[in-house]
Amino acid sequence: MAWDDKETKVWLDGKFVEWKDANISLLSHVVHYGTSVFEGIRAYSNENGVAVYRLEEHVQRLFDSAKIYKMDIPFTQEEIAEAILETLRVNDLGGCYIRPIVFRGYGELGVNPLGCPVNVAIAAWEWGSYLGEEGMANGVDIGVSSWRKPAPDTFPTLAKCGANYMNSQLAKLEALDNGFDEAIMLDYEGHVSEGSGENIFLVEGDKLYTPAMSSSNLKGITRDSVMTIARDLGYEVIEETISRERLYIADEVFFTGTAAEVTPIRSIDHRTIGIGRRGPVSEKLQTAFFDIVEAKVEDKYGWLTYI
């Protein structure tokens, strides 16, 4: 992940500034306590132009996350949505990744955040497949992490909060140390939750299973899209508690997420999953998803907002 910092402009608190000038104080609350909520959003370039994927839902989740952490965003949802679109226009971006972030800035130090201002920034850059093009086609190798997701009375996992991702970092680093591409995390009771930054699905016969929201997982927007597409293709989609061993004997397993999109999993804990590469259901869902965002078929769900 990189972008040209000589040319890029960042939207910061209502105005565009050069990337090099988009700075915050070392004593900002977010630096010391991780007080931020954020979104990851993709835009796709297709024959109709450049479209942001599920813009309204991403902005709504950003505001929901901020509400959970008592951060009053000093802009409306409509203003943030328009600022996202304008960030792409100003930077003349096509397909790209967009990062809006709301954080507590410099005011005073201490755990109490209320004396610190709430700042908002939006950056965007070109970013390919999160787990690699080869992984999108043939699958990735995954390990179940020894680090678990927090219980519901510790960190609110419905909030996409910066501090929460320290937990994800531990799982990701452990996975890389062990030679895996990514981690699967269990919840506080030992049931399957999600990846370090992705939701997860299992295919068993003609049914799809995904962990229920009680498993300390993020309410993913691409997760919702895949569930919608799958049901329209005739698959039954079931949200339930999933035990670890079901991962190993599933016909297929795949990740979903804004960054990961639809990424098949070929092995878990050195056990081959299904046919050991992208399976037929994963491929159908992947194709259907990209057909929509690449404007190869009608966007009947209204998921694309053109800039």
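Since this is a predicted model, take the numbers as computed values, not measurements. (Residues numbered from 1 in each chain as written. Predicted model: local features only at pLDDT ≥ 70, side-chain atom pairs only at ≥ 80, totals over all residues. Heavy atoms only, no water.)

1. Describing unusual backbone geometry
So, point 1. Residue Ser216 is not a glycine yet carries a positive backbone phi of 60 degrees.
So, point 2. Within the element layout of this structure, Ser216 appears in the loop between strand E12 (207–211) and helix H6 (221–232).
So, point 3. By relative accessible area, Ser216 is classed as buried at 4%.
So, point 4. For Asp269, which is not a glycine, the phi torsion comes out positive at approximately 50 degrees.
So, point 5. Along the chain, Asp269 turns up in the loop between strand E15 (261–268) and strand E16 (271–272). (Helix = DSSP H or I, 4+ residues; strand = E, 2+ residues; numbered from the N terminus. Buried < 20%, exposed > 50% of the residue type's maximum accessible area, 1.4 Å probe, protein only.)

2. Notes on the environment of Pro113
So, point 1. Note that Pro113 resides in the loop between strand E6 (96–104) and strand E7 (118–125).
So, point 2. Classification of Pro113 by relative accessible area gives partly exposed; the value is 22%.
So, point 3. On a C-alpha basis, the gap between Pro113 and Tyr69 in space is 9.9 Å, while along the polypeptide they are 44 residues apart.
So, point 4. The residues contacting Pro113, other than those within four sequence positions of it, are His29 and Arg104. (Contact = heavy atoms within 4.5 Å.)

3. As for the layout of surface pockets
So, point 1. Taken as a whole, the largest pocket spans an internal volume of roughly 710 Å³.
So, point 2. At six residues, helix H5 (residues 165–177) tops the list of elements feeding residues into the lining of the largest pocket.
So, point 3. Among the residues making up the lining of the largest pocket, the classes are represented as 15 nonpolar, 16 polar and eight charged.
So, point 4. Both domain 1 (9–126) and domain 2 (133–294) contribute no fewer than three residues apiece to the lining of the largest pocket. (1 Å grid on protein atoms, 1.4 Å probe; cavity = no way out; pocket = protein on both sides within 12 Å on 5 of 7 lines; lining within 4 Å. Points joined across faces, edges and corners; volume = space filled by probe spheres on them. Nonpolar A, V, L, I, M, F, W, Y, C, P; charged D, E, K, R; others polar. Domains from an automatic or database assignment.)

4. So, empty space enclosed by the protein
So, point 1. Under the criterion given, the structure shown has one cavity of 30 Å³ or more.
So, point 2. Size it by volume and the largest cavity reaches roughly 30 Å³.
So, point 3. Considering the residues around the largest cavity, the lining is formed by Asp251, Glu252, Val253, Pro264, Ile265, Ile273, Gly274, Arg277, Arg278, Gly279 and Ser282.
So, point 4. Split into classes, the residues belonging to the lining of the largest cavity amount to four nonpolar, three polar and four charged.

Geometry only, nothing functional implied.
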